[in-house]
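Structure at a glance
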Amino acid sequence: MYNTPRELIEAHPEACDGGKAFAKTCATMEELWDKCPMAPWLLWVQQRTRTLDRQAVDAYKSISGADSHYTTAKKVGISPALYIALADRAINAAESISDPKHHAEIFDAEYKTAMQEQADLVRKLIPNPFKQPIQTNKEI
């Protein structure tokens, strides 16, 4: 297992640029899990650290939309269909904006919100696999 997010991304150079940049902002794997803004990144981390909980992933798939995910030998994540649905949500939020710059800002903000909601859903279903148990005075 990896002790830090940096160790994880150094061992997996195939990670996406956004995921690598985010991981570099976290000191611990526990922090990475708690703050990660993207559900696919959480599932990717679980797969690479061998903490993947298939039952929880199946529950997430059923809540977020049947057949909205793909699973291959190398990846578990959000399918293009769900990305399109989240992008459509963002487009709808920004459609009344005529200024292209403002339209892009509204789209980006709504898309980030939708992706954060998906990540929060994953965290509700899958407890932080990197959380260290809190020791009581009796255990010390």
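The coordinates are above.
Notes on the structure in this doc start here. Bear in mind the structure is a predicted one, so any value in this text is a computation, not a measurement. (Residues numbered from 1 in each chain as written. Predicted model: local features only at pLDDT ≥ 70, side-chain atom pairs only at ≥ 80, totals over all residues. Heavy atoms only, no water.)

1. Some words on the overall build of the protein chain
A tally of regular secondary structure across the protein chain gives seven helices and two strands. Written out in order from the N terminus, the α and β elements of the protein chain read α-α-α-α-α-β-β-α-α. Classification of the 140 residues of the protein chain by burial places 37% in the buried group. For the protein chain, the computed accessible surface area is about 8,600 Å², with 55% contributed by carbon and sulfur atoms. (Helix = DSSP H or I, 4+ residues; strand = E, 2+ residues; numbered from the N terminus. Buried < 20%, exposed > 50% of the residue type's maximum accessible area, 1.4 Å probe, protein only. Areas by Shrake-Rupley, 256 points an atom, 1.4 Å probe, with all protein chains shown as cover.)

2. A closer look at the packing of helix α4 (residues 39-48) against helix α7 (residues 100-125)
At their nearest, the axes of α4 and α7 sit 7 Å apart, and the two run at 40 degrees to each other. What the angle tells us is that α4 and α7 run oblique. Residues Ala 39, Pro 40, Leu 42 and Leu 43 of α4 lie in contact with α7, whose contacting residues are Met 115, Gln 118, Ala 119, Val 122 and Arg 123. (Axes fitted to C-alpha atoms, helices over the stretch in contact; angles between N-to-C directions. Parallel < 35°, antiparallel > 145°, perpendicular 65-115°, else oblique. Contact = heavy atoms within 4.5 Å.)

3. Here's the deal with the nonpolar core
In terms of nonpolar packing, the biggest core is built from 27 residues, with Phe 22, Leu 32, Trp 33, Leu 42, Val 45, Val 122 and Ile 126 touching the most fellow members. Listing elements by their share of this core, those giving two or more residues are α1 (5-11), α2 (17-23), α3 (29-35), α4, α5 (54-64), α6 (80-94) and α7. Per-element tally for this core: the top contributor is α4, with six residues. What Trp 33 contacts, discounting residues up to four positions off in sequence, is Leu 42, Gln 46, Val 122, Arg 123, Ile 126, Pro 127, Asn 128, Pro 129 and Phe 130. (Core = buried A, V, L, I, M, F, W, Y, C linked by side-chain atoms within 4.5 Å.)

4. Structural notes on the pattern of salt bridges
Pairing is possible between side chains of opposite charge, provided their charged atoms come close. Per the stated rule, a full pass over the model turns up four salt bridges. The partner of Asp 120 in a salt bridge is Arg 123, with the nearest N and O atoms 2.8 Å apart. Within this pair, Asp 120 and its partner Arg 123 are both found in helix α7, separated by three residues, close to a single helical turn. Judged by relative accessible area, which is 32%, Asp 120 ranks as partly exposed. (Salt bridge = Lys/Arg side-chain N within 4 Å of Asp/Glu carboxyl O.)

5. Things to note about α7
Taking 1.5 Å per residue, 26 residues should reach 38 Å; α7 reaches 38 Å between its end C-alpha atoms and fits that length. Listed as buried for α7 are Tyr 111, Ala 114, Met 115, Gln 118, Ala 119, Leu 121, Val 122 and Arg 123. (Expected span 1.5 Å × (residues − 1).)

6. Quick word on the side chain of His 12
With respect to the element layout, His 12 can be found in the loop between α1 and α2. For His 12, the residues in contact, after removing those within four places along its chain, are Tyr 2, Trp 44 and Arg 48.

7. A word on the environment of His 103
As for its placement among the helices and strands, His 103 is situated in helix α7. With 10 residues separating them in the primary sequence, His 103 and Ala 93 have C-alpha atoms 9.0 Å apart. Look past the residues within four positions of His 103 in its chain and what remains in contact with it is Ala 94, Glu 95 and Ile 97.

8. Observations regarding α4
The buried count for α4 comes to 10 of 10 residues, which makes it a mostly enclosed element. What α4 keeps buried is the set Ala 39, Pro 40, Trp 41, Leu 42, Leu 43, Trp 44, Val 45, Gln 46, Gln 47 and Arg 48. One or two positions beyond α4, positive phi appears at Arg 50, with a value near 55 degrees.

9. Section: the environment of Ala 39
Tracing the sequence through the fold places Ala 39 in helix α4. Sequence-wise, Ala 39 and Leu 121 are 82 residues apart; in three dimensions their C-alpha atoms are separated by 8.1 Å.

10. A short note on the state of the cysteines
Inspection of the entire model under this criterion finds zero disulfides. Of all cysteine sulfurs, the one in Cys 36 lies closest to Cys 16, which takes part in no disulfide; the gap is 9.2 Å. Here Cys 36 is not cross-linked by a disulfide; its sulfur's nearest cysteine counterpart is in Cys 26, at 7.9 Å. (Disulfide = S-S within 2.5 Å.)

Don't take any of this as a statement about function, it's just geometry.
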